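Analysis of the macromolecular model
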Amino acid sequence: MTNEEKIISMLTKIQAGIDTLTSNANSQNENETPEEYAARKKALLEFIDRPLTPEEKKEAEEFAEYIAELDARKAAM
């Protein structure tokens, strides 16, 4: 898999997660009390702020390296 494909894959996963979290955080079920909604929203926001897994850290480092390479190529132009 090329760096570009890895980045697209990672960004696709991130976007899917953001879409799901946004949808869940902003929609209240009809049978849900305001307290339940607030607790669910709080749990989702805590999930966003959780530490990265080793795999996620590795992907983030690879992404940062790729961006640094792109910046270096751009500066050399």
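Everything discussed here concerns the structure shown above.
Notes on the structure follow. (Residues numbered from 1 in each chain as written. Predicted model: local features only at pLDDT ≥ 70, side-chain atom pairs only at ≥ 80, totals over all residues. Heavy atoms only, no water.)

Concerning the overall build of the protein
Of the regular secondary structure elements, the protein holds three helices and zero strands. Ordered by position from N to C terminus, the α and β elements of the protein give α-α-α. The C-alpha extent of the protein, read off along each of the three principal axes, is 60 × 25 × 20 Å. A burial count over the protein gives 10% of its 77 residues as buried. Counting every atom, the protein has about 6300 Å² of accessible surface; 59% of that belongs to carbon and sulfur. (Helix = DSSP H or I, 4+ residues; strand = E, 2+ residues; numbered from the N terminus. Buried < 20%, exposed > 50% of the residue type's maximum accessible area, 1.4 Å probe, protein only. Areas by Shrake-Rupley, 256 points an atom, 1.4 Å probe, with all protein chains shown as cover.)

Details of the layout of surface pockets
Taken as a whole, the largest pocket holds about 490 Å³ of empty space. What lines the largest pocket is a set of 15 residues, and nearest its centre among them are K13, I14, R50, L52 and E56. Looking at the lining of the largest pocket, the elements with two or more residues in it are α1 (3–26), α2 (34–48) and α3 (54–76). By residue number, the principal contributor to the lining of the largest pocket is α1, which donates six residues. Grouping the constituent residues of the lining of the largest pocket by class yields nine nonpolar, one polar and five charged. The calculated volume of the second largest pocket comes to roughly 160 Å³. Taken together, M1, N3, K6, I7, S9, M10, K13, E59, E62, F63 and Y66 form the lining of the second largest pocket. Of all elements in the fold, only α1 and α3 reach the threshold of two or more residues within the lining of the second largest pocket. If you tally residues by element for the lining of the second largest pocket, the top one is α1, at six residues. Its residues assigned to classes, the lining of the second largest pocket shows five nonpolar, two polar and four charged. (1 Å grid on protein atoms, 1.4 Å probe; cavity = no way out; pocket = protein on both sides within 12 Å on 5 of 7 lines; lining within 4 Å. Points joined across faces, edges and corners; volume = space filled by probe spheres on them. Nonpolar A, V, L, I, M, F, W, Y, C, P; charged D, E, K, R; others polar.)

Some remarks on the pattern of salt bridges
All told, the structure shown has four salt bridges when counted by the stated rule. Between E59 and K13 there is a salt bridge; the shortest N-O distance is 3.9 Å. Separated by 46 residues along the polypeptide, E59 in helix α3 and K13 in helix α1 bring together distant segments of the chain. Under the relative-accessibility criterion, K13 is labelled partly exposed at 49%. E46 is the partner of K42 in a salt bridge, and the nearest nitrogen-oxygen pair spans 3.7 Å. Linking K42 with E46, this pair stays in helix α2, spanning four residues, or about one helical turn. (Salt bridge = Lys/Arg side-chain N within 4 Å of Asp/Glu carboxyl O.)

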